[in-house]
Amino acid sequence: AGHGDHATMAGMLTDAELAQLRAAKGAAFDRLFLESMIRHHQGAVSMVEALFATDGAGLDEQVFKFASDVQVDQRTEVQRMQTMLAAMGPAPAR
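Residues numbered from 1 in each chain as written. Predicted model: local features only at pLDDT ≥ 70, side-chain atom pairs only at ≥ 80, totals over all residues. Heavy atoms only, no water.

(A) Structural context of the packing of helix α2 (residues 26-52) against helix α3 (residues 61-87). Running from N to C, α2 and α3 cross one another at 155°; their axes reach a closest spacing of 9 Å. Of the possible angle classes, the one that applies to α2 and α3 is roughly antiparallel. Here α2 and α3 pass one another in a crossing that is left-handed. The class makeup of the residues in the contact of α2 with α3 is 16 nonpolar, six polar and five charged. (Axes fitted to C-alpha atoms, helices over the stretch in contact; angles between N-to-C directions. Helix = DSSP H or I, 4+ residues; strand = E, 2+ residues; numbered from the N terminus. Parallel < 35°, antiparallel > 145°, perpendicular 65-115°, else oblique. Left-handed = near helix turned anticlockwise from the far one by under 90°. Nonpolar A, V, L, I, M, F, W, Y, C, P; charged D, E, K, R; others polar.)

So this is what it looks like as structure tokens:
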């Protein structure tokens with residue numbers, strides 16, 4: 001029920017989008033889930049890019065390593081999900 005402060009973070013689903021996902025079934029759910037998770041993971045990549053673009057940010061060794069790992073892992077996951085989505089074929093007209 002709601003995301004609190006997280007709702008404004010890049011890639012977070014709105015309550016309406018979560019309701020749409022809850023209501024979806026079968027292949028429609030699979031497609032919507034992948035599309036949503038791709039956007040969610042891309043949001044994480046955007047946050048890391050914003051961190052690294054900020055002067056002085058990411059100087060702490062642990063923060064830099066964590067953020068770098070997040071960036072690599074999330075990009076890899078996006079590629080995997082895009083491959084899965086492409087294998088589903090074109091989206092039906094909505």
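(B) The environment of alanine 44, seen in detail. For alanine 44, the position within the fold is in helix α2. For alanine 44 and alanine 19, which are 25 residues apart along the polypeptide, the C-alpha to C-alpha distance reads 22 Å. In contact with alanine 44, other than residues within four places in its own chain, are Val70 and Gln74. (Contact = heavy atoms within 4.5 Å.)

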